[in-house]
Amino acid sequence: ALRIRRELAEEMESIANSSQKKKLKVDIARTLRNQAFLQVKMAEYGNARALYAEALSLYDLCGLSSDHPYVMTAQKELKAIDVRVYEDNLGAKAFRDVTSASISSNYRRRQY
């Protein structure tokens with residue numbers, strides 16, 4: 001879907017007026033957001049983050065304000081990704097710490 005929209009955007013570049021170009025770019029950005037949403041569901045946070053950032057860039061290029069619902073949604077999703085990655089990193093560190101402590105404890109017991 002994204003490839004088709006981008007090809008259409010290239011074709012329309014020479015024939016469309018600025019309003020039509022803007023609508024198409026917003027549509028492309030919405031498609032990027034939808035793909036980013038799917039990437040989040042697959043826990044591909046880096047890819048999702050890049051797609052949301054590209055969508056925000058297109059929204060900015062089209063002149064959408066920061067209080068526009070599309071922009072606000074993309075920004076909210078980016079923040080959610082950052083929180084999720086931070087929590088995952090904390091969880092992984094806690095797991096490593098607990099596992100390391102458990103291994104050390106078991107090792108000490110075996111020495112006696």
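Residues numbered from 1 in each chain as written. Predicted model: local features only at pLDDT ≥ 70, side-chain atom pairs only at ≥ 80, totals over all residues. Heavy atoms only, no water.

Q: How do you make sense of the overall build of the protein when you look at a structure like this?
A: Each helix and strand in the protein was counted, giving 4 helices and 0 strands. Starting at the N terminus and walking to the C terminus, you meet the elements of the protein as α-α-α-α. Burial analysis of the protein (112 residues in total) assigns 25% to the buried set. Contacts in the protein between residues far apart in sequence, at least 24 positions, make up 53% of those at least 6 positions apart. With an accessible surface of roughly 8100 Å², the protein has 54% of that area assigned to carbon and sulfur atoms. (Helix = DSSP H or I, 4+ residues; strand = E, 2+ residues; numbered from the N terminus. Buried < 20%, exposed > 50% of the residue type's maximum accessible area, 1.4 Å probe, protein only. Contact = heavy atoms within 4.5 Å. Areas by Shrake-Rupley, 256 points an atom, 1.4 Å probe, with all protein chains shown as cover.)

Q: What should I look at first to understand the pattern of salt bridges in this one?
A: When the charged atoms of two side chains with opposite charge come close together, those side chains can pair. Under the defined criterion, the tally for this structure stands at 1 salt bridge. In this structure, Arg49 engages Asp82 in a salt bridge whose closest nitrogen and oxygen atoms are separated by 2.9 Å. Highlighted residues: Arg49 in helix H3 (residues 45–61) and Asp82 in helix H4 (residues 69–111), separated in sequence by 33 residues. (Salt bridge = Lys/Arg side-chain N within 4 Å of Asp/Glu carboxyl O.)

Q: Just checking my understanding: could you explain the environment of Asp67 for this structure?
A: Within the element layout of this structure, Asp67 appears in the loop between H3 and H4. A distance of 2.3 Å separates the side chain of Asp67 from the side chain of Ser65, its partner in a polar contact. (Polar contact = N/O pair within 3.5 Å; in protein donor to acceptor, adjacent residues only side chain to side chain.)

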